[in-house]
Every structure is written in structure tokens, then in C-alpha cells.
Amino acid sequence: MVDGVPGPISRLVEELSKLPTIGPKTAGRLAFFPLKAPARQVDQLAEALQSLRSEIVECSVCFNFSDGDPCRFCTDHGGEGSTACVVEDPLDVLAVERSAGFRGRYHVLHGAISPLEGVGPDDLKIDDLLERVKDGGVAEVIVATNATFEGDATALEIARVLEETGVRLTRLARGLATGGDIEYADPTTLSQALEGRREF
Ligand SMILES: [Zn+2]
């Protein structure tokens, strides 16, 4: 920030700039918002941020973020409970849920293999997926990683690791735009991709 900006404002700008998709310009605009907004609204924002860290946990089964462990997907989804949909990020779970084409369980990898960013298989929840399959209760694994180089590399690694288990392994149909994130896929396309999933 330029000289003469009060410390608390600069500090907030600095913190906001660290958030995904927020550049310095947007951070500057956002930093002045709490000064103009009603005090109650600012308190609610602060409370919401704090309770996120104190109340949200990682599900010990599927690694999705949840307000309980195990999460509601790991406990509620009885019907197709033996199918696990593997996604890169928690936001992808929401996208698949919106598509209404799937009512099974999930497995969140928390990323994708990316040599450029120094993310390898060991940084993801792939071994945990293997353990889950070995423990039984998973009859089919649907790999729903993004249609990107990283997503493809991750899908191949999962196929390699799970091969020994003999579990049914499928991948989303290629209806999704190449280079596309599951997170941004429209519900109908995603639903069709799930419907048309194919064996590896
Ligand atoms: Zn779970």
C-alpha cells in the first residue's frame, strides 16, 4: 500500500491479497468495506470466518470438509453407498451433488498431481483411497478428476494403485470440455458425464 495509509487498513489489504482470485486492487476495495458497512454486518463476517475454522473438520473417511465426522455423505447415502466418486476438491463434491446424477459417496483427493507445482501422489489422499477399497464396502470407484493434464495424470495414478484390488474403476465420459474443471461444469453436462462413465 502507499505511504500514509493507516496500519490497520494496510494490514487488511495485505491479508486479503493472499486470498485466491483476489488481486491487490480488489483487496484495496474490500478493505474499505468494513469501515462503511453496519457494525453488525462486520461482526457477522468475522464470526463466520472464525466458526469456519472451529466447526469444520475433515471427514476421516472421505476427507471432505464437514461439520461432523463422518460427514453426512458417508453416513446418509445408503442407496448407492458402495460407489465412491473421487474428486480433486471439496467444491467438486458440490458440483456433483448439483448434477443430481449421483447419490453415492465421495473421496476428496485435495489436489491433483502437478510436477510443476511440486504435487506428487504422496501429497494426495490416494493411499487412503486404496485403504478404503481394501477395507471393503466400495464396489465401484468413479474417477471424476478434472479434464486437465493434472486431472488425467491423477486418474492414471489412481488406476495404477487400485489395479491390485480388482475394484470396478470408471471415469467420467468425455462430455466435459478439455481443460475444464468439474467445479464449473453445468449440472446437465456433469450428469451426462456420470451417466456415460466408462471403464478404464
Ligand atoms: Zn465423509
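Below, the structure is looked at part by part. The model shown is predicted, which means the values in this text are computed figures rather than measured ones.

## Details of the nonpolar core
Side chains of a nonpolar character, in soluble globular proteins, are inclined to be buried together.
Inference 1: Within the largest apolar cluster, 21 residues are counted, with the highest numbers of intra-cluster contacts made by Cys-85, Val-87, Val-96, Phe-102, Tyr-106, Leu-172 and Leu-190.
Inference 2: Looking at this core, the elements with two or more residues in it are α4 (72–76), β3 (80–87), α5 (90–99), β4 (104–108) and α8 (187–195).
Inference 3: Setting aside residues no more than four positions away along its own chain, Val-87 makes contact with Asp-92, Val-93, Val-96, His-107, Val-108, Leu-109 and Ala-144.
Inference 4: By size, the runner-up hydrophobic cluster in this structure holds 19 residues, among which are Val-86, Val-141, Ala-155 and Leu-169.

## A look at the coordination of the zinc ion
Inference 1: Around the zinc ion, the protein contributes the donor atoms Cys-59 (SG), Cys-62 (SG), Cys-71 (SG) and Cys-74 (SG), at 2.3 Å from the metal centre.
Inference 2: Angles of 102 to 117° at the metal separate the four donor atoms of the zinc ion, which places the site in the tetrahedral class.

## Some remarks on helix α7 (residues 149–162)
Inference 1: Between its first and last C-alpha atoms α7 spans 20 Å; for 14 residues at 1.5 Å apiece the expected length is 20 Å, and the two agree.
Inference 2: If you check which residues of α7 are buried, you get Gly-151, Thr-154, Ala-155, Glu-157, Ile-158, Ala-159, Val-161 and Leu-162.

## Examining the layout of surface pockets
Inference 1: The volume enclosed by the largest pocket comes to roughly 450 Å³.
Inference 2: Leu-12, Leu-16, Leu-19, Pro-20, Leu-30, Phe-33, Pro-34, Val-42, Leu-45, Ala-46 and Leu-49 together form the lining of the largest pocket.
Inference 3: Among the secondary structure elements, those contributing two or more residues to the lining of the largest pocket are α1 (7–17), α2 (24–36) and α3 (39–55).
Inference 4: The greatest single-element share of the lining of the largest pocket, amounting to four residues, is contributed by α3.
Inference 5: Roughly 200 Å³ of volume is contained in the second largest pocket.
Inference 6: Along the walls of the second largest pocket sit Leu-52, Arg-53, Ile-56 and Phe-65, which together make up its complete lining.
Inference 7: Tallied by class, the residues present in the lining of the second largest pocket amount to three nonpolar, no polar and one charged.

Reading the values: the criteria
Residues numbered from 1 in each chain as written. Predicted model: local features only at pLDDT ≥ 70, side-chain atom pairs only at ≥ 80, totals over all residues. Heavy atoms only, no water. Core = buried A, V, L, I, M, F, W, Y, C linked by side-chain atoms within 4.5 Å. Buried < 20%, exposed > 50% of the residue type's maximum accessible area, 1.4 Å probe, protein only. Helix = DSSP H or I, 4+ residues; strand = E, 2+ residues; numbered from the N terminus. Contact = heavy atoms within 4.5 Å. Donors = N, O, S within 2.8 Å, 3.2 Å for Na, K, Ca; no water. Tetrahedral: all angles 85-135°; square planar, octahedral: opposite > 155°, others 65-115°. Expected span 1.5 Å × (residues − 1). 1 Å grid on protein atoms, 1.4 Å probe; cavity = no way out; pocket = protein on both sides within 12 Å on 5 of 7 lines; lining within 4 Å. Points joined across faces, edges and corners; volume = space filled by probe spheres on them. Nonpolar A, V, L, I, M, F, W, Y, C, P; charged D, E, K, R; others polar.

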